[in-house]
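Below are the chains, spelled out letter by letter.
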Amino acid sequence: MELPDTSDAAERMALTLTQGGLQRATARVLAAFLFAETGSLTAPQIAERLAISSGSVSSAIKMLSTVGLIEPVPAPGSRREHYRLRDGAWATLMSTQNGMVQAMFEAAERGIEAAGPDSPAAGRLTEMRDFYAFMFRELPALIDRWHAERPQG
């Protein structure tokens, strides 16, 4: 059975992700994982498939790992790091496991301390911190509902 050519669909997905705020190379790498026909990919495979530099791939993998979308996987016998789209990636992206969201919360906390509690900046940073605190409190229940309603497969 011949596999369908999904390169156009992957590039359209990458364009949509770019319009949503991702860097172009990161969007293309994420699309490569979404459309991968194998369980895992290596950085050199991605670089070759997308015709982009290994540095761009490395940066994209680091960012996608930080937000919880991809993860390294064991590959016995291989000298290369293998990565895959994480099971439950989208729920992880929206959860407290997202390192970037946690970093934003902590950055707001540090900013409030640096600016002083009565400064105009502290007011804006407090809203930012409070938003992330709210999300951390509310998202677990929403993600639990997602898992409960999601078909098991």
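For the structure itself, consult the block above.
What counts and how
- Residues numbered from 1 in each chain as written.
- Predicted model: local features only at pLDDT ≥ 70, side-chain atom pairs only at ≥ 80, totals over all residues.
- Heavy atoms only, no water.
- Helix = DSSP H or I, 4+ residues; strand = E, 2+ residues; numbered from the N terminus.
- Buried < 20%, exposed > 50% of the residue type's maximum accessible area, 1.4 Å probe, protein only.
- Contact = heavy atoms within 4.5 Å.
- Pairing = 2+ DSSP bridges.

Let's shift gears to the environment of Tyr83. Tracing the backbone through its elements, the reader meets Tyr83 in strand β3 (residues 82–85). Classification of Tyr83 by relative accessible area gives buried; the value is 15%. Between the alpha carbons of Tyr83 and Thr42 there is a distance of 6.2 Å; along the sequence they are 41 residues apart. Ignoring anything within four residues of it in the chain, the contact list for Tyr83 reads Phe33, Gly39, Ser40, Leu41, Ile61, Ile70, Glu71, Pro72 and Val73.

Spatial strand order, β1-β3-β2: 3 strands in an open sheet with antiparallel pairing. Here the strands that pair on one side only, and so sit at the sheet edges, are β1 (41–42) and β2 (70–73). Sheet topology note: the β1/β3 ladder contains 2 bridges and is antiparallel. Opposite Thr42, over in β3, you have His82 as the bridge partner.

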